[in-house]
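Residue-level listing of the chains:
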Amino acid sequence: MAVDFSTRKRNAALPVREARLGSITGYSGTLCDLAERSCAGTLKNRDRCFSQSSLCLSICAITQLQGILDIAVVYHAPAGCCAGAARKLVLDQLTARAGRVSRTVLVGSDLNERDTVFGSGESLKEITRKTYEEYKPNAIFIASSCVTGVIGEDIDALAAELAEELPVPVEPIHCEGFKSRIWASGFDIADHAVLRALVKPPKEKRNVIVFKNFYESHRQYITDIFHQIGMETQFIYLNSTTEELARLSEAAAMVCVCGTLGTYLGNALEEEYGVPYIRTINFCGITGFETWMREIGAKTGKSAEVEAYLAKERATYLPLIEALKKDLAGLRAVVGMGPGYTYEVTRALRELGIEVVWAAAWHYDYQYDDNRVPPALAHLEASGGADIGLSVADMQNYEIMSILHRYKPDLYFSRHPGSTVWAIKQGVAAFYVADEYTIFGYRNTYLFAQAVLDTIRNRSFEKNLAAHIKLPYTDWWYQQQTDMMLAPDTALTPEAPAAWEAP
Ligand code: SF4
């Protein structure tokens with residue numbers, strides 16, 4: 001058993017991705033080389049001698065939990081760590097759009113210097129009690145931070161004591177920012193907490209497919225598609241109630257927008273409760289959508305309905321997409337995204353006839369929680385993408401700037417606005433693939449192709465901006481090829497897997 005959740009659930013702390021999945025944050029080479037090293041068990045992380053700031057896994061874990069309706073997260077942290085609380089505004093807007101109202105609250109314990117010396121267990125207990133009295137949440141998560149970890153605050157014991165006292169689950173989450181360079185570890189930490197605190201054994205099986213996603217922007221569109229094949233949908237975690245999450249174990253199957261986000265919950269639900277986890281490449285582009293839908297059909301006994309739906313959609317959209325491909329052919333692109341979407345979007349771009357000259361992934365998971373190679377990477381290698389230049393760039397914008405300067409692509413695709421804007425300042429047309437469903441299925445692939453054409457047909461904005469901006473990067477600096485200046489290989493952690501298992 002790869003996740004071994006039945007053993008892991010005894011412990012509130014979950015090993016981070018570096019230890020569990022052998023994940024790395026530094027690499028520069030080609031997709032083929034990365035795959036071969038992974039297969040041979042010789043892949044090593046390469047450290048940077050200089051690093052720009054990235055993201056903290058605490059924020060990732062807490063943002064995931066904050067999407068759940070009517071819960072509380074007590075963040076045992078200095079005030080500065082709570083800067084990410086602003087994301088709650090976005091979540092509230094998305095909740096309002098779904099016609100729901102959330103009482104969910106994030107409460108910071110405002111750790112100060114005195115607390116770091118004398119401890120603050122008693123005040124944390126008081127804050128948690130007060131939070132319950134004030135907001136009456138259906139569950140409380142007590143999250144740790146770097147400072148909590150350094151002073152050794154025993155949040156497990158505190159949470160256990162409060163769980164005896166309060167009539168709702170009180171769950172500790174160990175999300176000290178320093179313990180992993182990979183913010184996606186926060187996704188797994190949130191999943192682990194939800195599995196331990198909320199998910200109950202199944203009472204019945206339901207004809208429901210669970211969608212793990214970020215912002216559920218296409219909730220109605222996807223629900224309508226699945227009604228056509230005779231299934232209901234449940235989107236998590238945003239806008240989910242604790243009662244809905246308790247029944248995740250009863251689902252007919254679970255899918256996720258990308259393997260990076262879904263690996264822990266999907267594999268744990270399958271292993272513990274027999275909920276099939278859909279592990280194929282995702283729904284981006286034609287090949288992705290068809291592969292993904294067919295696997296869902298196979299796992300839920302709906303293959304005939306899926307084929308009927310695909311045939312109908314193909315007839316409508318494939319001619320339209322084929323027509324646009326003539327104008328897209330020959331464009332050159334650089335992609336910089338999280339490790340799931342980097343390979344999924346690269347595949348969809350290549351399908352449209354766009355050449356991806358470099359792909360940068362913010363980290364690399366050596367394997368997922370089922371001990372298998374990330375399917376999007378394996379598919380890309382097997383389908384002719386082996387020679388694509390590839391780096392594991394950990395949101396290092398200066399490395400992206402160096403890559404863009406070297407390749408001078410027509411387009412830069414990113415899912416993080418802070419990265420996109422720097423490409424535009426350099427004069428490169430940039431496409432912000434913010435919405436996770438931007439290339440979902442036939443219709444959105446068609447709309448995406450149209451939007452790409454719009455982006456490159458009028459380039460006056462980035463040209464004008466670049467002409468009036470003085471960047472800190474000089475020609476001398478660009479010549480250093482800083483994205484290649486990683487330190488020699490360093491050993492993976494001893495717990496890391498030796499080699500990929502065959503897919
Ligand atoms: S890395 Fe540590 S100190 Fe920084 S925000 Fe995250 S928890 Fe707080």
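Residues numbered from 1 in each chain as written. Predicted model: local features only at pLDDT ≥ 70, side-chain atom pairs only at ≥ 80, totals over all residues. Heavy atoms only, no water.

(A) The sheet that holds strand β13 (residues 411–414), seen in detail. Strand order in this open sheet of six strands is β1-β12-β11-β10-β13-β14, and the pairing throughout is mixed. Where the open sheet ends on each side, the last strands, each with one partner, are β1 (27–30) and β14 (429–432). When strand polarity is set aside, the average angle formed by the axes of neighbouring strands in this sheet is 15°. Across four bridges, the pairing between strand β10 (residues 332–337) and β13 is parallel. Counterpart to Val334 in the pairing with β13 is Tyr412. Together, β1 and β12 (389–392) form the strand contacts of helix α3 (residues 31–40), whose direction differs from that of β1 by roughly 110°. Its contacts with the sheet place helix α19 (residues 417–425) against β13 and β14, and it is angled at close to 165° to β14. (Pairing = 2+ DSSP bridges. Helix = DSSP H or I, 4+ residues; strand = E, 2+ residues; numbered from the N terminus. Axes fitted to C-alpha atoms, helices over the stretch in contact; angles between N-to-C directions. Contact = heavy atoms within 4.5 Å.)

(B) Representation of the pattern of salt bridges within the structure. The tally for this structure, following the rule as stated, stands at 33 salt bridges. For Asp70, the salt bridge identified is with Arg103, shortest N-O distance 3.7 Å. On the criterion of sequence distance, the pair formed by Asp70 in the loop between α4 (57–66) and β3 (72–75) and Arg103 in the loop between α5 (87–97) and β4 (105–108) is long-range, its members being 33 residues apart. Judged by its relative accessible area of 15%, Asp70 falls in the buried class. On the basis of relative accessible area, Arg103 is assigned to the partly exposed category, the value being 39%. A salt bridge links Arg247 to Glu250; its shortest N-O distance comes to 2.7 Å. Residue Arg247 is classed as partly exposed on the basis of its relative accessible area of 32%. Ionic contacts of the salt-bridge type, sharing partners, join the residues Arg17, Arg20, Asp188, Asp365 and Asp369 into one network. (Salt bridge = Lys/Arg side-chain N within 4 Å of Asp/Glu carboxyl O. Buried < 20%, exposed > 50% of the residue type's maximum accessible area, 1.4 Å probe, protein only.)

(C) Inspection of the domain arrangement of the protein chain at higher detail. According to the domain assignment, the protein chain consists of domain 1 (55–180), domain 2 (208–300) and domain 3 (303–489). Between domain 1 and domain 2, the C-alpha centre-to-centre distance is 27 Å. Between domain 1 and domain 2, roughly 1,200 Å² of surface is buried when both sides are summed, and carbon and sulfur atoms account for 54% of that area. Looking only at domain 1, the three residues that lose the most surface to domain 2 are Gln64, Ile68 and Arg100, adding up to 40% of its buried area. The tally of links from domain 1 across to domain 2 stands at one salt bridge. For Arg100, the salt bridge goes to Glu244, with nearest N and O atoms at 3.4 Å. Among the elements that take part in the side of domain 1 that touches domain 2, α5 stands out by supplying five residues, more than any other. Per-class residue counts for the side of domain 1 that touches domain 2 are seven nonpolar, four polar and three charged. (Domains from an automatic or database assignment. Buried area = accessible area lost by both parts, 1.4 Å probe. Nonpolar A, V, L, I, M, F, W, Y, C, P; charged D, E, K, R; others polar.)

(D) Representation of the packing of aromatic side chains in the model. Overall, the coordinates contain 27 aromatic pairs when judged by the stated rule. Ring plane angle 90° and centroid distance 6.2 Å describe the contact between Phe226 and Trp292, whose orientation is recorded as edge-to-face. Linking Phe226 in helix α11 (residues 219–228) with Trp292 in helix α14 (residues 285–300), this pair joins segments that are 66 residues apart in sequence. Each of the two residues, Phe226 as well as Trp292, counts as buried. Consider the rings of Phe289 and Phe440, whose centres lie 5.3 Å apart with planes at 65°: the pair is edge-to-face. (Phe/Tyr/Trp six-rings, centres within 6.5 Å; stacked < 30°, edge-to-face > 60°.)

(E) Quick look at empty space enclosed by the protein. Scanning the model with the defined rule gives two cavities of 30 Å³ or more in all. In this structure, the largest cavity spans a volume of roughly 50 Å³. Together, Ile59, Ile62, Thr63, Gln66, Tyr75, Cys81, Cys82, Gly84, Ala85 and Leu106 line the largest cavity. Looking at which element gives the most residues to the lining of the largest cavity, the answer is α4, with four residues. In terms of residue class, the lining of the largest cavity is built from seven nonpolar, three polar and no charged. For the second largest cavity, the calculated volume is near 30 Å³. (1 Å grid on protein atoms, 1.4 Å probe; cavity = no way out; pocket = protein on both sides within 12 Å on 5 of 7 lines; lining within 4 Å. Points joined across faces, edges and corners; volume = space filled by probe spheres on them.)

(F) Expanded view of the nonpolar core. Judged by nonpolar contacts, the single largest core of 134 residues is most densely connected at Phe141, Phe226, Trp292, Met293, Tyr343 and Phe413. Of the residues forming this core, the biggest block, eight residues, is contributed by helix α15 (residues 303–328). (Core = buried A, V, L, I, M, F, W, Y, C linked by side-chain atoms within 4.5 Å.)

(G) How the structure looks around the pairing of β14. Here four bridges tie β13 to β14, and the two strands are oriented parallel to one another. By the bridge assignment, Phe413 is partnered in β14 with Phe431. Taken together, β13, α19 and β14 form a β-α-β motif whose crossover is right-handed. (Right-handed = clockwise from strand over helix to strand, strands pointing away.)

(H) Representation of the sheet that holds strand β7 (residues 208–212) in the model. Read across the sheet, three strands follow the order β8-β7-β9 without closing on themselves; strand pairing throughout is parallel. Every other strand in the sheet has two partners, leaving β8 (232–236) and β9 (253–256) as the edge strands with one partner each. Across the sheet, the mean angle separating the axes of adjacent strands is 25° when strand polarity is ignored. Inspection of the sheet shows β7 paired to β8 by five bridges, in the parallel sense. In the sheet register, Lys212 faces β8, and the bridge partner there is Ile236. Against the sheet, helix α13 (residues 259–273) makes contact with β7, β8 and β9, and its axis sits at roughly 170° relative to β9, the strand it touches most.

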